Amino acid sequence: MIKRIDSMILDSFSTYIRCELNYSVHTVSAYMRDLSQWADFATGGHPEQLDPLSVTTSDIRLWIGRLARQGESPRTLKRKLSSLRTFFGYMMKRHGMMSNPAAELHSAKADKPLPVYVRQSEMASMLADDFDTGDFTSVRDRLILLMFYSTGMRSSELETLLDNDVNTAKGELKVMGKRNKERIIPFGEELSEMIAKYRNLRDTTVGGLPPERFFVRPDGQPLYRRLIYRVVHGALEGRTVAARQSPHVLRHSFASDMLNNGADLFSVQQLLGHKSLETTQVYTHITYQELKNNYQLAHPRAAKKGGPHGN
């Protein structure tokens, strides 16, 4: 029976959730941070002394309560409990632990904030701006914006997109989503033309055979997450009323504009790669809010007396 949680067990657990549970790199990193934080709390700063058999439900409840008093959000507390629940489940499965002290603990339900999105008119204005069609970086950066908005893909999916998986003849691309689940996303003529322009410039700039990754830097090396964020943030900054300017905001914009323009919820779910329809339904609240705002602005009896349409 394991008496101490050492680095070998932690490495094995990391491999388990990454390879067997197919958790994303970011989820694995978050879970490992949570475990380190928990072990530090439980041992008074000596995590190497943590004995899994001595951990009780009350110990974990005490930690979660402390974090809540320190102002951690319900969403964060829910993830930290999930980290411990998964870890002790692994200890039962692989190391003979008899029970999971985190199994029955549940944090307060987190309120789901409405996704931030860029208005359709704002996106149209940005994509209508002139750019240097002969410069590789300018064309690539414009294509990044257009691809996010036209496909709704995640930043990680764009980062790892393979050149062979982008098919302009069929007007579709294949992405690798969460838990290594593939999905096909169709796209239109505008994106197809931009892809062709980008590929021509890329082949001239980089030289040699086409790279494995679709998006690259001028030296042929693939993009990285921070660079993708800077491209999107730089394009959106000062051009939108959205509170955030990130690649995920463009994913939200894709979903809300699809629904606003008549797409059915199930189709948007498939395009986004959501496991549950409930996850996609949050965008219906966005479209309703937009409808409500338009009503308040436009209907002569909606405004308060003395307002723009009042008497």
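A quick note: this is a predicted structure, and the numbers were derived from the prediction, not measured.

### Describing helix 1 (residues 7-20)
- Given a rise of 1.5 Å per residue, 14 residues ought to cover 20 Å, and the 19 Å separating the end C-alpha atoms of helix 1 matches this to within 8%.
- Where helix 1 is buried, its residues contact helix 2 (25-42) and helix 4 (74-95).
- Looking one or two places after helix 1, you find N22, whose phi comes out positive at around 60°.

### Brief notes about unusual backbone geometry
- Phi is positive for N22, close to 60°, though the residue is something other than glycine.
- Residue placement: N22 occurs in the loop between helix 1 and helix 2.

### Re a positive patch on the surface
- There is a patch of like positive charges on the surface, built from K178, R179, K181 and K275.
- Along the chain, K275 falls in the loop between helix 11 (265-272) and helix 12 (277-298).

### Details of the packing of aromatic side chains
- This model, assessed by the stated rule, comprises 12 aromatic pairs.
- Summarising the aromatic geometry, the rings of F13 and Y90 are spaced 5.4 Å apart at their centres and angled 55° between planes, so their arrangement reads as tilted. Here F13, found in helix 1, pairs with Y90, found in helix 4; they are 77 residues apart in sequence, far enough to count as distant.
- For F13, a relative accessible area of 0% translates into the label buried.
- Residue Y90 is classed as buried on the basis of its relative accessible area, which comes to 0%.
- In textbook terms, an aromatic cluster arises when at least three aromatic residues are bridged by ring pairs, as seen for F13, Y16, F87, F88 and Y90.

### Some thoughts on the environment of D163
- Note on placement: D163 falls in the loop between helix 7 (155-159) and strand 1 (166-167).
- Spatially, the C-alpha atom of D163 lies 9.4 Å from that of L173, the residues being 10 residues apart in sequence.

### Brief notes about the environment of W63
- Along the polypeptide, W63 turns up in helix 3 (residues 57-69).
- Taking relative accessible area as the criterion, W63 reaches 2% and is therefore assigned buried.

### Some remarks on the packing of helix 6 (residues 136-151) against helix 9 (residues 225-236)
- Here helix 6 crosses helix 9 at 85°, and the two axes come no closer than 10 Å. Regarding the angle of helix 6 to helix 9, the classification is roughly perpendicular. The segment helix 6 lies against helix 9, with R140, D141, I144, L145 and F148 engaging L227, I228, V231, V232 and A235.
- Of the residues contributing to the contact of helix 6 with helix 9, the split by class is 8 nonpolar, no polar and 2 charged.

### Observations regarding the confidence of the model for the protein
- Per-residue pLDDT for the protein averages 86, and the proportion of residues at 70 or more is 87%.
- Confidence over residues 305-311 falls short of pLDDT 50; this stretch has 11 contacts with residues more than four positions distant or in other chains.

### Some words on the sheet that holds strand 3 (residues 182-186)
- Read across the open sheet, the 3 strands follow the order 1-2-3; overall the sheet is antiparallel. Each edge of the sheet is formed by a strand with only one pairing partner; in this case those strands are strand 1 and strand 3.
- Bridge analysis of strand 2 (residues 172-176) against strand 3 gives 5 bridges, and the strand direction is antiparallel. Bridge pairing in strand 3 places E172 opposite P186.

### Structural notes on the pairing of strand 2
- Here strand 2 shows a buried face lined by L173 and V175 and an unburied face lined by E172, K174 and M176.
- Connecting strand 1 to the antiparallel partner strand 2 that follows it, the hairpin turn spans 4 residues, and G171 within it adopts a positive phi of roughly 65°.
- Connecting strand 2 to the next strand, strand 3, in antiparallel fashion are 5 residues, including R179 with a positive phi near 55°.

### Remarks on the packing of helix 6 against helix 8 (residues 189-206)
- It is at 9 Å that the axes of helix 6 and helix 8 come closest, and there the two elements cross at 150°. With respect to helix 8, the element helix 6 is oriented roughly antiparallel. Crossing handedness for the pair helix 6 and helix 8: left-handed. Residues F136, V139, R140, R142, L143, L146, M147, S150 and T151 of helix 6 form the contact with helix 8, whose own contacting residues are E190, L191, M194, I195, K197, Y198, L201, R202 and T205.
- Residue composition of the contact of helix 6 with helix 8, grouped by class: 10 nonpolar, 3 polar and 5 charged.

What counts, and where the lines are drawn
- Residues numbered from 1 in each chain as written.
- Predicted model: local features only at pLDDT ≥ 70, side-chain atom pairs only at ≥ 80, totals over all residues.
- Heavy atoms only, no water.
- Helix = DSSP H or I, 4+ residues; strand = E, 2+ residues; numbered from the N terminus.
- Expected span 1.5 Å × (residues − 1).
- Contact = heavy atoms within 4.5 Å.
- Patch = residues over 30% accessible without salt bridge, like charges linked within 9 Å, V, L, I, M, F, W, Y side chains within 5 Å.
- Areas by Shrake-Rupley, 256 points an atom, 1.4 Å probe, with all protein chains shown as cover.
- Salt bridge = Lys/Arg side-chain N within 4 Å of Asp/Glu carboxyl O.
- Lys, Arg positive; Asp, Glu negative; His and termini not counted.
- Charge placed at Lys NZ, Arg CZ, Asp CG, Glu CD.
- Phe/Tyr/Trp six-rings, centres within 6.5 Å; stacked < 30°, edge-to-face > 60°.
- Buried < 20%, exposed > 50% of the residue type's maximum accessible area, 1.4 Å probe, protein only.
- Axes fitted to C-alpha atoms, helices over the stretch in contact; angles between N-to-C directions.
- Parallel < 35°, antiparallel > 145°, perpendicular 65-115°, else oblique.
- Nonpolar A, V, L, I, M, F, W, Y, C, P; charged D, E, K, R; others polar.
- pLDDT = per-residue confidence, 0-100.
- Pairing = 2+ DSSP bridges.
- Left-handed = near helix turned anticlockwise from the far one by under 90°.

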